[in-house]
Amino acid sequence: METKKYFIKLRDKLKKFSKEYYNSTPSIADSEYDSLKKEFDYLLSKNPEFKQFDNLGIGTSPSSKFQKFRHYEQMLSLSNSFSIDDSKEFFDKASNFLKKQTSNYIFNVDCKIDGVSLSIIYKNNKLFKAVTRGDGEVGEDITENVLSIKGIPKILKYCKSDLIEIRGEVFFFRHDFEILNKKFEKKNQFSNPRNAASGSLRQINSQITRGRPLRFIPHGYGKFSYKEEFLNFEEFLSFCKKNNFDQTGYARKFTSLKNIYDYISDIEKQRSSINFDIDGMVIKISDLNLQRMLGSTNKFPRWAIASKFSSEEALTQVEKIELQVGRTGAITPVARLIPINIGGVIVSNATLHNFDEIIRKDIRVNDFVWVKRAGDVIPYVSKVDIERRKKFSKKFIVPKKCLCGSKIIKIEGETVQRCSASKNKCKYQNLETFKHFVSKKAMNIDGLGEKLIEKFIKLNLISNKLDIYKLENHKDKIIKLEGFGEKSFQNLIESINVSKVTSLSRYLFSLGLRYLGENNSELISSYFKNKTRFKYSIQSKKLREELENIDGLGEKAISSFINYFSDQSNLDESFKILDIIEIKETQDDKISLNKSILFTGTLQKMSRDRAKELAKKKGYKIASNVSKNLDILVSGDKSGSKLKKAKDLKINILNEKEFLNLIN
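Residues numbered from 1 in each chain as written. Predicted model: local features only at pLDDT ≥ 70, side-chain atom pairs only at ≥ 80, totals over all residues. Heavy atoms only, no water.

S.K.: Explain unusual backbone geometry here, please?
M.R.: Peptide bonds are mostly trans, and most non-glycine residues show a negative phi. Phi is positive for Asn124, which is not a glycine, with a value near 50°. Relative to the helices and strands, Asn124 resides in the loop between strand 4 (116–123) and strand 5 (126–132). In this structure, Asn244 is a non-glycine residue whose phi angle is positive, near 70°. Structurally, the position occupied by Asn244 is in the loop between helix 8 (233–242) and strand 9 (252–254). (Helix = DSSP H or I, 4+ residues; strand = E, 2+ residues; numbered from the N terminus.)

Okay, structure coming up:
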């Protein structure tokens, strides 16, 4: 299966399984939440273009079973590395961001425990809250459940901060997990220690949690009020030790990536003998001041990366090869396998990437194949065991038609093959389009899932996005559906009505355009601000010129956007939906008062990326071209034509020092 298609299918699976998983009621016995989450993070880190399909976020929405608590600082995930070259590239980017000439850092390396992330908050040295990761911004208050966990002190004896967050992993020692599992019938046993930790930690009855031998080891920190509590990661570990937190015992300090990877290789060889599950090592820049300067993306810190261990593999048999169709028409082959355990996870499907990959590896139905999980996460067929192949085996024939019956085409320059039919004529694309439109980070229509959408399509209740907002007119038909009734109908209509109050970025993302993911939708919405200006602009002859002035918006996204609204039917439907929904205007509460800024030339004290980051934090819009609408041009050394044009247009021009004075 093509990686992109697998990523999209994984996203849909995560939506279904994550809530079940975090409530310890997985519908598929061995599909642990951690493998799915790490799978998602790995694909994003390796394929930045997949951000357009990322409507999952970090973690999962907090359960209504627990009180919610907003983190003082967002709990992020980690970018993944699979080689020393990956890590070198990562830290070289950090150097470029800081405008350092070399990557000569002091690093701290420690085990990446395969557990459940938890933030422990202390106020005035007393345990105040214990909060799950949740969606990274809001977690669940499970304070009562952690009071008996080994490694979590109730009082800090050596701490100068009035408030401090200690973050780490909750997990089981392997032998404790085995003892716990023996207490359950086989059908009710946990598939692995991580799943057991998740289920045990988030029990409504805290007595159940207290009866299970969970442990906690810190791996980092969130907010702390006394800024000199610790100045580097070694001092943090010393702080933890003095305050009776447990530690892995494997943390080491290095100045060379080569030495780091020698150490990681040694730990990987010891992996099976370590008394808790680890799936890699975490490499951090130790200096906290550098960490603060580097900051983070919307998901990952720029100063830490997870170095993943080599993948495990197992032999199984291909039962059949199926096709899947995405909302953009991408056709992706998937191998359905006889289920096999790989690294504690039951794998029954494997990506075949694309048709070229099947032909290259000569993968056939009934073949015995070696399946790996890249980074212990993504299942894929690495090779065929030719010696086991049956004589009657037939080569896979690349299909000429989509599942809908339309011709499959291959676009020049693309590996993936696509259905030639439009979304309206291919029911598989159409279904995926509807699923995306109602998804959490799009229009967020809770309760309108895949099966219900399929029913509504078969009943001719919906044939386009606009029809979703007319479902209230079909009450008599809907309440007669199996599993439906008056209350279910009212809940659905209420959810649809709630979705009508949204943001322009959500609406744009809901359209499901190629190259127009969450980030690009946000860029466009920040530029247009409200639906009145947006509706006017998408009909303007100067639309391309306006879009090209949006910093960070690429040509593919611009063309995709323009092509979509060039279609009169798309334009008509969009206008009708925009008339129905209420778009909350993008507000700026920063000092910039909605001003735009552009950087040109070479800055001396920082990189341009760093300067843009600082400007964004103050609320400035980053422009990409000089025009009469530009408010400020920051000019560095060797500024060229942009500086001359700005002078001609009498735009406010600042040097680097003046810019720093402005934002400070």
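What follows continues from the structure just given.
S.K.: Got a minute to help me understand the environment of Leu614 in this structure?
M.R.: Looking at the element boundaries, Leu614 is found in helix 23 (residues 608–617). Discounting residues that sit within four places of it in the chain, Leu614 has contacts with Met606 and Ile663. (Contact = heavy atoms within 4.5 Å.)

S.K.: Could you clarify how one ought to interpret the packing of helix 3 (residues 84–98) against helix 9 (residues 257–270) in this entry?
M.R.: Between two packed helices, what matters for the description is the angle formed by their axes and the separation of those axes. Close contact between helix 3 and helix 9 brings their axes to 10 Å; oriented N to C, the two are set at 140°. As judged from the angle between their axes, helix 3 and helix 9 are oblique. Crossing of helix 3 against helix 9: the hand is right-handed. For the pair helix 3 and helix 9, contact is made by Ile84, Ser87, Lys88 and Phe91 and by Leu257, Lys258 and Tyr261, respectively. (Axes fitted to C-alpha atoms, helices over the stretch in contact; angles between N-to-C directions. Parallel < 35°, antiparallel > 145°, perpendicular 65-115°, else oblique. Left-handed = near helix turned anticlockwise from the far one by under 90°.)

S.K.: Looking at this structure, I do not really get the sheet that holds strand 8 (residues 215–224). What am I missing?
M.R.: Each strand in a sheet pairs with another by means of backbone hydrogen bonds, the pair being arranged parallel or else antiparallel. With respect to topology, 4 strands assemble into an open sheet ordered 5-4-7-8, the strand pairing being antiparallel. Whereas interior strands pair on both sides, the edge strands pair on one side only; in this sheet they are strand 5 and strand 8. On average, adjacent strands in this sheet sit at an angle of 30° to one another, irrespective of strand direction. In the sheet, strand 4 pairs with strand 5 via 6 bridges, with the strands oriented antiparallel. (Pairing = 2+ DSSP bridges.)

S.K.: Would you take a moment to explain the packing of helix 21 (residues 555–566) against helix 22 (residues 568–580) for this structure?
M.R.: The interhelical angle for the contact between helix 21 and helix 22, taken along N-to-C directions, is 85°, at an axis separation of 5 Å. Compared by their axis directions, helix 21 and helix 22 come out roughly perpendicular. Contacts between helix 21 and helix 22 pair Tyr564, Phe565 and Ser566 from the former with Gln568, Asn570, Leu571, Glu573 and Ser574 from the latter.

S.K.: Is there a simple way to explain the nonpolar core in this structure?
M.R.: A general tendency of soluble globular proteins is for nonpolar side chains to be buried together. Ranked by internal contacts, the top residues of the largest apolar core, which has 50 residues, are Phe456, Ile468, Leu547 and Phe561. Looking at this core element by element, the count peaks at 6 residues for helix 21. Not counting chain neighbours up to four residues away, the residues in contact with Ile468 comprise Phe434, Phe437, Val438, Ile445, Leu448, Ile462 and Ile496. (Core = buried A, V, L, I, M, F, W, Y, C linked by side-chain atoms within 4.5 Å. Buried < 20%, exposed > 50% of the residue type's maximum accessible area, 1.4 Å probe, protein only.)

S.K.: Help me understand the pairing of strand 3 (residues 107–113), please; the structure alone is not making it clear to me.
M.R.: Within a regular strand, the side chains alternate between the two sheet faces. In terms of burial, strand 3 is a largely internal element, 7 of the 7 residues being buried. Relative to strand 10 (residues 278–285), strand 3 runs antiparallel, the two being bridged by 6 bridges. Bridging from a neighbouring strand, Val109 pairs with Ile283 of strand 10.

S.K.: Honestly, the sheet that holds strand 10 in this entry has me stumped. Any pointers?
M.R.: The 5 strands are arranged 2-11-10-3-9 in an open sheet whose pairing can be described as mixed. Both edges of this open sheet fall to strand 2 (79–81) and strand 9, since each of them pairs with a single strand only. Taking each pair of neighbouring strands and ignoring which way they run, the sheet shows an average axis angle of 35°. As paired elements, strand 3 and strand 9 share 3 bridges and run antiparallel to each other.

All quantities given are derived from atomic positions and should not be read as evidence of function.
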